[in-house]
Amino acid sequence: MAFALAALSWPLALLLDAGLVSDAQAQSLSPYQPSLTDPRYLPRFGLAKPTASSSQQGPATISSGAGSIGYDATGAIAKENKKKKNKPKPGEPKPVPPPPPKTRGAPQAAEGHTLAPQIGARDQYRAPDTPPRRVALPPQDAFEPLGIRAGTFLLRPAIDITRGYDTNPSHFPGGKPTGYTTVEPSLNVRSNWSAHEFGFDGRANYSQFDSVSSLDRPMAEAKTYLRLDASRDTSVNIEGRYLLSTDYPGSPNVPVDVAKLPTFQTWGTSLGLTQRFNHFELLAKANYDRTMFNDSELIDGTTSSNHDRDLDQFGGQLRGSYELWPGVKPFVEIGGDTRKHDLQFDRNGFQRDSVGLTPKVGSTFDIGGKFTGEVSVGYTERRLEDPTLLPVRGVVYDALLKWQATGLTTVTLNANSRADESVVAGWSGALRRDVGIQVDHALRRWLIWTVKAGYGLDDYISNTCCGNGDPRVDKRVSLGSAITYKLSRELWLKGEYRYDTLWSNATNVDYHSHAFLVGLKLQR
């Protein structure tokens, strides 16, 4: 320790002898205090210039504001140098400062604008040498049809050709098996407008049976709609519909001696107004439908008139919904209609005009595209003008829900209820309710396996039935499985098996049916 102190003290003694540091500075150079000055290498910057009598006044001193190693703590030296540097010479123009750089900020999109103009607005803030940024498209099925572009419309045409074999296509006890062929063309049209929307869905088919020609029947269905956006919160909805079909095989309304199933046509229109008040939405709609039946052809070559089944239906609907959570909109709905037949009395002397009222509660869903659709439950009551006929009333439910369980599996729930007309003596009508579930699973992207099951309940409202005083009740069950092989976007192969059965408290009505089908679908 003593040696270290001696080693640090001898340079200090030399400096004192040379007169380069004062006594106060010598105290600051104590070996026990840190210092930025090494006594062996004295600083040569920032020292005051010696005066004429500096040799008599003592050692040189450090200028004010400068550190011992030349650091200007106050900035006085830098300011003085800057003034000298920026001072223009006589006759020279003053320098002009450069303009400040432009700030870059994200553009603010106006409320209600679509994504396309926002992307275009962002491009003007991009550097000139930067390529445009593309919007990522959602993943698409490599085997789904692309459709045909026609101006601002997208058309998706298709045709299904199916060959099948049914063990009981007539749906009667002990029905005769036969093969059949079905051809079904279809067309879907959608608009691609920035505002408003137009859509069309149409399909038709004809089924021809090999050995039971009385079951040959056509079917055609078309629906078109137009939405006009009057403002951001107001829209007008116009809808048109058409249906050509026949009574279903085994219907009580079909006489046993008919040569062919009677056909009927229904066409109608709807006009609605939708008004949104922030999260609350109000829908009002008026409906009109016209139904006409063709005469029935009997086995003996004569015809039977169905003119007493022709009717006009006028109705309305009012719905109020509230967006409780994003994508979840519960609603309350009430609908009513009036049915007026062309003839006051039917073939059995009953008055079939009626008035119906159906309140409902339900909700619509659109949760991230994983769970979409609508479900509702309510109660319907239809009162007929004839005092001897009982009202048709009961619980009704409707649903169309789609759940994307996984990337490969989709579950669809479908349910509907309706009150059908009847011409059977003493029967007011039938309350038909159906519910079905379908599961589609992709074994491969091009191989889809489908499993479906359905249950139906037909409640025929009448004073008496079946000889025991109870009304007729039919229970229907349907099971099926199908496989779809997608060869390309335009060509699919399909195979399906279906099992249908019915139990009833009426006699000679129960049946069982097995159907095997193979088909080809061409689409674009």
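Higher on the page you've got the structure.
Keep in mind that this is a model prediction, so the values were computed, not measured. (Residues numbered from 1 in each chain as written. Predicted model: local features only at pLDDT ≥ 70, side-chain atom pairs only at ≥ 80, totals over all residues. Heavy atoms only, no water.)

**Student:** Got a minute to help me understand the nonpolar core in this structure?
**Tutor:** Among soluble globular proteins, nonpolar side chains are generally buried collectively. Counting residues in hydrophobic clusters, the biggest one holds seven residues: Phe 350, Leu 384, Leu 389, Val 392, Val 396, Leu 431 and Ile 461. Beyond its immediate sequence surroundings of up to four residues, Ile 461 is in contact with Leu 390, Pro 391, Val 392, Gly 426, Trp 427, Ser 428 and Gly 429. (Core = buried A, V, L, I, M, F, W, Y, C linked by side-chain atoms within 4.5 Å. Buried < 20%, exposed > 50% of the residue type's maximum accessible area, 1.4 Å probe, protein only. Contact = heavy atoms within 4.5 Å.)

**Student:** Looking at this structure, how should I read the side chain of His 341?
**Tutor:** Note that His 341 resides in strand E12 (residues 328-341). With residues up to four places along the chain from it excluded, the contact list for His 341 reads Asp 308, Arg 309, Asp 310, Leu 311, Arg 352, Asp 353 and Glu 421. (Helix = DSSP H or I, 4+ residues; strand = E, 2+ residues; numbered from the N terminus.)

**Student:** Please clarify how the pairing of strand E14 (residues 371-384) should be interpreted in this entry.
**Tutor:** Regular strands show a simple pattern: their side chains alternate between the two faces of the sheet. Judged from the 12 bridges that link them, strand E13 (residues 354-367) and E14 form a sheet pairing that is antiparallel. Paired with Leu 357 across the two strands is Glu 381, which belongs to E14. If you look at the hairpin formed by E13 and E14, you'll find three residues sitting between the two strands, and Gly 368 has a positive phi there, around 60°. Here E14 runs beside strand E15 (residues 392-403); their pairing, made up of 12 bridges, is antiparallel. Note that in E15 the partner of Ser 376 across the bridge is Asp 398. (Pairing = 2+ DSSP bridges.)

**Student:** Could you clarify how one ought to interpret the packing of aromatic side chains in this entry?
**Tutor:** Centre distance and the angle of the planes are the two values used to describe a pair of aromatic rings. Counted according to the given criterion, the structure contains 10 aromatic pairs. Taken together through their ring pairs, the aromatic side chains of Phe 153, Trp 193 and Phe 198 make up a single cluster. Positioned above the aromatic ring of Phe 293 is the side chain of Arg 309, whose terminal nitrogen or guanidinium carbon lies 3.9 Å from the ring centre. Over the aromatic face of Phe 331 sits the side chain of Arg 319, whose NZ or CZ is 3.8 Å from the ring centroid. (Phe/Tyr/Trp six-rings, centres within 6.5 Å; stacked < 30°, edge-to-face > 60°. Lys NZ or Arg CZ within 6 Å of the ring centre and 35° of its normal.)

**Student:** How should a nonpolar patch on the surface be read in this particular structure?
**Tutor:** On the surface, a cluster of nonpolar side chains totalling about 880 Å² of accessible area is made up of Phe 277, Phe 280, Leu 282, Leu 318, Tyr 322, Leu 324, Trp 325, Ile 334 and Leu 357. Residue assignment for the nonpolar patch shows that the elements contributing at least two residues are strand E8 (280-293) and strand E11 (311-322). Along the chain, Leu 318 falls in strand E11. For Leu 318, a relative accessible area of 43% gives the class partly exposed. (Patch = residues over 30% accessible without salt bridge, like charges linked within 9 Å, V, L, I, M, F, W, Y side chains within 5 Å. Areas by Shrake-Rupley, 256 points an atom, 1.4 Å probe, with all protein chains shown as cover. Salt bridge = Lys/Arg side-chain N within 4 Å of Asp/Glu carboxyl O.)

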